[in-house]
Amino acid sequence: MALELQVNLGERSYPIAFAGEVVGAVKAVVAKLMAEGRRVAVLTDNNVRRAQDGALRQMFGAAPVHVVPAGETAKSLTEFGGVLDFLASNKLDRGGVLFAVGG
């Protein structure tokens, strides 16, 4: 069973789930979002991608994935620009959902 923390930001509120096994739960959420016509994409780092590629594929299917370098080098304006370009090229607008997976 997942524990959930609700981040209360009015209309922009969102939950954060904490659990040991979340593949099935995330897959169900992704399917629901896509059935609603919402675009889904994934942001992760190369360490997580390498270690959890199978789980990422199970959870997100064919959703586009953007991989940044692991560690502090990913925290730069250049990498941020790359993320924005990725979102734009995949047509993620305000109705889209970006899943950030990793530490």
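See above for the structure.
Just so you know, these numbers come straight off a predicted model, no measurement behind them. (Residues numbered from 1 in each chain as written. Predicted model: local features only at pLDDT ≥ 70, side-chain atom pairs only at ≥ 80, totals over all residues. Heavy atoms only, no water.)

Scanning the chain from N- to C-terminus turns up three helices and five strands. Walking the chain from its N terminus toward its C terminus, one meets helices and strands in the order β-β-α-β-α-β-α-β. Taken against the 2.2 N^0.38 rule, which gives 13 Å for 103 residues, the C-alpha radius of gyration of the chain at 14 Å falls within 12% of a compact globule. A total of 103 residues make up the chain; the buried ones form 24% of that total. Total accessible area computed for the chain in this model is approximately 7,300 Å², and 57% of it derives from carbon and sulfur atoms. One finds the centroid of the 11 positive side-chain charges in the chain at a distance of 4 Å from the centroid of its 10 negative side-chain charges. (Helix = DSSP H or I, 4+ residues; strand = E, 2+ residues; numbered from the N terminus. Rg over C-alpha atoms; globule rule 2.2 N^0.38 Å. Buried < 20%, exposed > 50% of the residue type's maximum accessible area, 1.4 Å probe, protein only. Areas by Shrake-Rupley, 256 points an atom, 1.4 Å probe, with all protein chains shown as cover. Lys, Arg positive; Asp, Glu negative; His and termini not counted. Charge placed at Lys NZ, Arg CZ, Asp CG, Glu CD.)

Relative to the helices and strands, Asp45 resides in strand β3 (residues 40-45). Despite its burial, Asp45 remains without a salt bridge, the nearest opposite charge being carried by Arg50 at 7.1 Å. At 2.8 Å, the side chain of Asp45 forms a polar contact with the backbone nitrogen of Val48. Setting aside residues up to four positions removed in sequence, Asp45 forms contacts with Val67, Val68, Pro69, Ala70 and Val101. (Salt bridge = Lys/Arg side-chain N within 4 Å of Asp/Glu carboxyl O. Polar contact = N/O pair within 3.5 Å; in protein donor to acceptor, adjacent residues only side chain to side chain. Contact = heavy atoms within 4.5 Å.)

Another point: the nonpolar core. Judged by nonpolar contacts, the single largest core of 13 residues is most densely connected at Val26, Val30, Leu33, Val40, Met59, Phe60 and Phe99. Counting residues per element, the ones that place at least two in this core are α1 (23-35), β3, α2 (46-60) and β5 (97-101). What Met59 contacts, discounting residues up to four positions off in sequence, is Val22, Val23, Val26, Lys27 and Val30. By size, the runner-up hydrophobic cluster in this structure holds seven residues, among which are Ala41, Ala74, Phe86 and Leu87. (Core = buried A, V, L, I, M, F, W, Y, C linked by side-chain atoms within 4.5 Å.)

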